[in-house]
Amino acid sequence: MKLFFYDYVTEEGFDSNEPMNTDLDTALDIFYELNDEENNFFGLIDDSEKCIQFMFISEDNWLVDIPIPPDFSNNIEKYSLMRNA
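The following paragraphs examine the structure supplied in this document. Note on numbering: residues in each chain are counted from 1, in written sequence order. It should be noted that, the model being predicted, local features are given only for residues of pLDDT at least 70 and side-chain atom pairs only at 80 or more, the latter also being counted only at that level, while totals for whole chains, interfaces and linings use all residues. The side-chain values count all of the structure's non-hydrogen atoms but skip hydrogen atoms and water molecules.

What follows concerns the overall build of the chain. Numbering of helices and strands runs from the N terminus; a helix is a DSSP stretch of H or I covering at least four residues, while a strand is a stretch of E covering at least two. When its secondary structure is counted, the chain shows one helix and seven strands. Along the chain, helices and strands appear, N-terminal first, in the series β-β-β-α-β-β-β-β. Here the C-alpha radius of gyration of the chain, 13 Å, is about what a compact globule of 85 residues would show, namely 12 Å. With the principal axes as the frame, the chain shows a C-alpha extent of 30 × 25 × 25 Å. Exposed residues in this analysis have more than 50% of their type's maximum accessible area, buried residues have under 20%, and partly exposed residues fall in between, with area computed by a 1.4 Å probe over protein chains only. For the chain, buried positions account for 27% of its 85 residues. To measure how exposed things are, a 1.4 Å probe is used in the Shrake-Rupley method; for residues, cover is taken only from the protein chains shown. With an accessible surface of roughly 6,100 Å², the chain has 48% of that area assigned to carbon and sulfur atoms. Across the chain, the mean location of the 4 positive side-chain charges is 12 Å away from that of the 20 negative side-chain charges. Atoms considered for the radius of gyration are the C-alpha atoms alone. The globule rule reads 2.2 Å times the number of residues to the power 0.38. Only four residue types enter the tally: Lys and Arg on the positive side, Asp and Glu on the negative side; His and the chain ends are excluded. The location of each charge is read from NZ of Lys, CZ of Arg, CG of Asp or CD of Glu.

So, about the nonpolar core. Of all hydrophobic cores here, the largest spans twelve residues; its members are Leu3, Phe5, Ala27, Ile30, Phe31, Leu34, Phe42, Leu44, Phe54, Phe56, Trp62 and Val64. Of all elements in the fold, only strand S1 (2–7), helix H1 (24–33), strand S4 (41–45), strand S5 (51–58) and strand S6 (61–66) reach the threshold of two or more residues within this core. Of all the elements, H1 adds the most residues to this core, at three residues. By nonpolar core is meant a set of buried Ala, Val, Leu, Ile, Met, Phe, Trp, Tyr and Cys residues that side-chain atoms within 4.5 Å join together.

This is the structure:
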């Protein structure tokens, strides 16, 4: 799988045009280390080039987006509450 993300607090990340190869454990570590800053995002691309991405909106509130190529006009988007267990 490939990973892209950006953390506006640390100014670190990988662009979606140049995602890094990773494994699930590393991807989860990066996701959980993202700061709670509006518009921070995290995305995964599987081996068949399907993508899912998450953008931090506010405390426990994330936008989940599944891009639908080629024109991306019918993306699937949903707001989701994500809380630490």
